[in-house]
Amino acid sequence: ELMLNFPVLQMTAKMAVSFVTLQYNVTFHAADEKTEQFILYHYGWKDLATVFFYTLVAIILHAILQEYVLDKINRRMHFSKTKHSKFNESGQLGVFYLVSFIWGMCILSSENYATNPTNLWESYPHTLMPFQVKFFYIAQLAYWLHALPELYFQKTRKEDIPRQLVYTSLYVFHIAGAYLLNLNRFGLVLLVLHYFVELLFHISRLFYFNDEKNERGFTLWAFLFVVARLLTLSLSVLTFGFGLAGAQNQSLDLASGNFNILAVRISALATICLTQAYMMWKFINFQLKRWKEHAQIQALKKKATNTKSKAAKKGENKANGVNGIVTSEDRDSPRARKVKSS
């Protein structure tokens, strides 16, 4: 029986490996025999299996963080239903953005992608990736795809589902686009920049839930949000408008992974610009809503203060015999009559 089952086990092991490990590795041997060989990766359709497996891992990690950390804090803080859902969202995303930002910074530092802007487009197409770059993209796609079933598992409110579907779809679309178009260096830099700003927002919101007077983080986030949008647009124009546009090889070649043609460059640049414009529009609406709420709160406080002062003044006037009410203590003593001289 063991001999009969051996081929089945071997086939099962091969299938399991395709789900767990990264596929499409290429081994390079250095010219110097003393130098160790190194392995690079490219993408292919088998990556779908790897993304699926790590999507399941992301669902499990999400549940662990929710049950053992966020739910315990929620029970202590006694949040309302609205704050409860927002706290869970910021808690989950805050951890993800923190891990992704640190991971991305380590990759940028080790691969020297951010030292020189020309690294974003030089030697394009970047079909071969180091292990950590490919694994980073697999993990990013898996995390954002896991957010879709989480809408059901977390019993998300109906009014919040459209918003979460929109930003989840935008993440998947942009990350997959950078991955499939062999713009992994460019996409990595933009993701790290964006994740830093989003991390600051969710940390500020967590502190705000603890103390509603603590709003300094939102002010810093608002400034950095605008700066990040400008940097994103500048790097995009620099990469697509100057770097790739000035490259010698500008022909569509699916076999070599070259997508450096005018139509692709314009489409990619237009997509990034539209996304940044949409984010700025949402940001402006968010700020206007905050300012309106602040103005309403200040008006209510001022009204309450005026009401209290009027009530206190009225009580004081009553005590002093104003408004036609004269107390016995406030009556003037009768005048002494003049005695007529005889």
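On a predicted model such as this, the values are computed, not experimentally measured, just so you know. (Residues numbered from 1 in each chain as written. Predicted model: local features only at pLDDT ≥ 70, side-chain atom pairs only at ≥ 80, totals over all residues. Heavy atoms only, no water.)

Peer 1: Account for the overall build of the chain, naming residues and giving values.
Peer 2: Tallying secondary structure elements over the chain gives eight helices and two strands in all. Counted from the first residue to the last, the chain has its helices and strands arranged as α-β-β-α-α-α-α-α-α-α. When burial is assessed residue by residue, the chain has 33% of its 342 residues classed as buried. A total accessible area of about 22500 Å² is found for the chain, and carbon and sulfur atoms account for 65% of it. (Helix = DSSP H or I, 4+ residues; strand = E, 2+ residues; numbered from the N terminus. Buried < 20%, exposed > 50% of the residue type's maximum accessible area, 1.4 Å probe, protein only. Areas by Shrake-Rupley, 256 points an atom, 1.4 Å probe, with all protein chains shown as cover.)

Peer 1: Which residues make up the pattern of salt bridges, and what values do they have?
Peer 2: Per the stated rule, a full pass over the model turns up five salt bridges. Asp-47 serves as the salt-bridge partner of Lys-134, at 3.1 Å between the closest nitrogen and oxygen. In this pair, Lys-134 is assigned in helix H4 (residues 131-153) and Asp-47 in helix H2 (residues 47-77), connecting sequence segments 87 residues apart. The exposure class of Asp-47 is buried, given its relative accessible area of 4%. Arg-163 is paired through a salt bridge with Glu-89; the nearest N and O atoms lie 3.1 Å apart. One end of the pair, Arg-163, is in helix H5 (residues 161-180); the other, Glu-89, is in helix H3 (residues 81-111), with 74 residues separating them in the sequence. (Salt bridge = Lys/Arg side-chain N within 4 Å of Asp/Glu carboxyl O.)

Peer 1: Provide a residue-level description of the packing of aromatic side chains, including the pertinent values.
Peer 2: In the structure shown here, the tally under the stated rule is 38 aromatic pairs. Aromatic pair Phe-28 and Phe-38: ring centres 5.4 Å apart, planes at 10°, arrangement stacked. Taken together, the residues span a long stretch of sequence, with Phe-28 in strand S1 (residues 25-28) and Phe-38 in strand S2 (residues 38-41) at a distance of ten residues. For Phe-28, a relative accessible area of 28% gives the class partly exposed. Looking at Phe-38, the relative accessible area reads 42%, which means it is partly exposed. With a centroid separation of 5.3 Å and an interplanar angle of 35°, the aromatic rings of Phe-101 and Phe-196 are classed as tilted. Pair noted here: Phe-101 is in helix H3 and Phe-196 is in helix H6 (residues 184-210), with a separation of 95 residues, a long-range link. (Phe/Tyr/Trp six-rings, centres within 6.5 Å; stacked < 30°, edge-to-face > 60°.)

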